[in-house]
Amino acid sequence: MITWIGLGFLAVFLLAFWLAGRVGASSGSGMAGLLMGILSFVVLMGGYLVALALWARSLFVTFVETELPLLTEKLLLFLERFETFRETI
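Here's a quick rundown of the structure. Quick caveat, the model's predicted, so the values are computed rather than measured. (Residues numbered from 1 in each chain as written. Predicted model: local features only at pLDDT ≥ 70, side-chain atom pairs only at ≥ 80, totals over all residues. Heavy atoms only, no water.)

**Digging into helix α1 (residues 2-27)**
If you check α1, its first and last C-alpha atoms are 38 Å apart, about what 26 residues at 1.5 Å a residue would give, namely 38 Å. Residues of α1 that are buried include every one of Gly8, Val12, Ala16, Ala20 and Gly24, and no others. Tucked into the core, α1 has its buried residues touching α2 (30-88). Just beyond α1, the residue with positive phi is Gly28, at close to 75°. (Helix = DSSP H or I, 4+ residues; strand = E, 2+ residues; numbered from the N terminus. Expected span 1.5 Å × (residues − 1). Buried < 20%, exposed > 50% of the residue type's maximum accessible area, 1.4 Å probe, protein only. Contact = heavy atoms within 4.5 Å.)

This is the structure in structure tokens:
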């Protein structure tokens, strides 16, 4: 999963640099390419980070809804067994 996140960051960098090169070459102005590269990087990275935050939130909600009740049930069962074991000693 970390590989896909890293590839997403790499894609944002490459797209921003590609767009900066295209704008700079077509307009003949290095400054226009620089500004477009910075602007596109900020917009693309912002969108990517929002998408990552939404994905992480959905994973967290799924964990809380499915796994957390099972873990608390197992913990309570363990504490109950520990208490009975303690009483036998």
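And the narrative resumes.
**Notes on the packing of aromatic side chains**
Centre distance and the angle of the planes are the two values used to describe a pair of aromatic rings. In total, this model carries 3 aromatic pairs according to the counting rule given. Ring geometry for Phe13 and Phe41: centres 5.1 Å apart, planes at 25°, overall stacked. Highlighted residues: Phe13 in helix α1 and Phe41 in helix α2, separated in sequence by 28 residues. Owing to a relative accessible area of 35%, Phe13 belongs among the partly exposed residues under this scheme. Among the residues examined, Phe41 registers a relative accessible area of 27% and is labelled partly exposed. Considering the side-chain rings of Phe78 and Phe82, the 6.4 Å spacing of their centres and the 25° angle between planes classify their relative orientation as stacked. Pair noted here: Phe78 and Phe82 are both in helix α2, with a separation of 4 residues, about one helical turn. Judged by its relative accessible area of 51%, Phe78 is exposed. Residue classification places Phe82 among the partly exposed residues on the basis of a relative accessible area of 45%. (Phe/Tyr/Trp six-rings, centres within 6.5 Å; stacked < 30°, edge-to-face > 60°.)

**Regarding the environment of Val42**
Relative to the assigned elements, Val42 resides in helix α2. With relative accessibility at 52%, the residue Val42 sits in the exposed group. Through-space distance from the C-alpha of Val42 to that of Phe9 is 12 Å; in sequence the pair is 33 residues apart.

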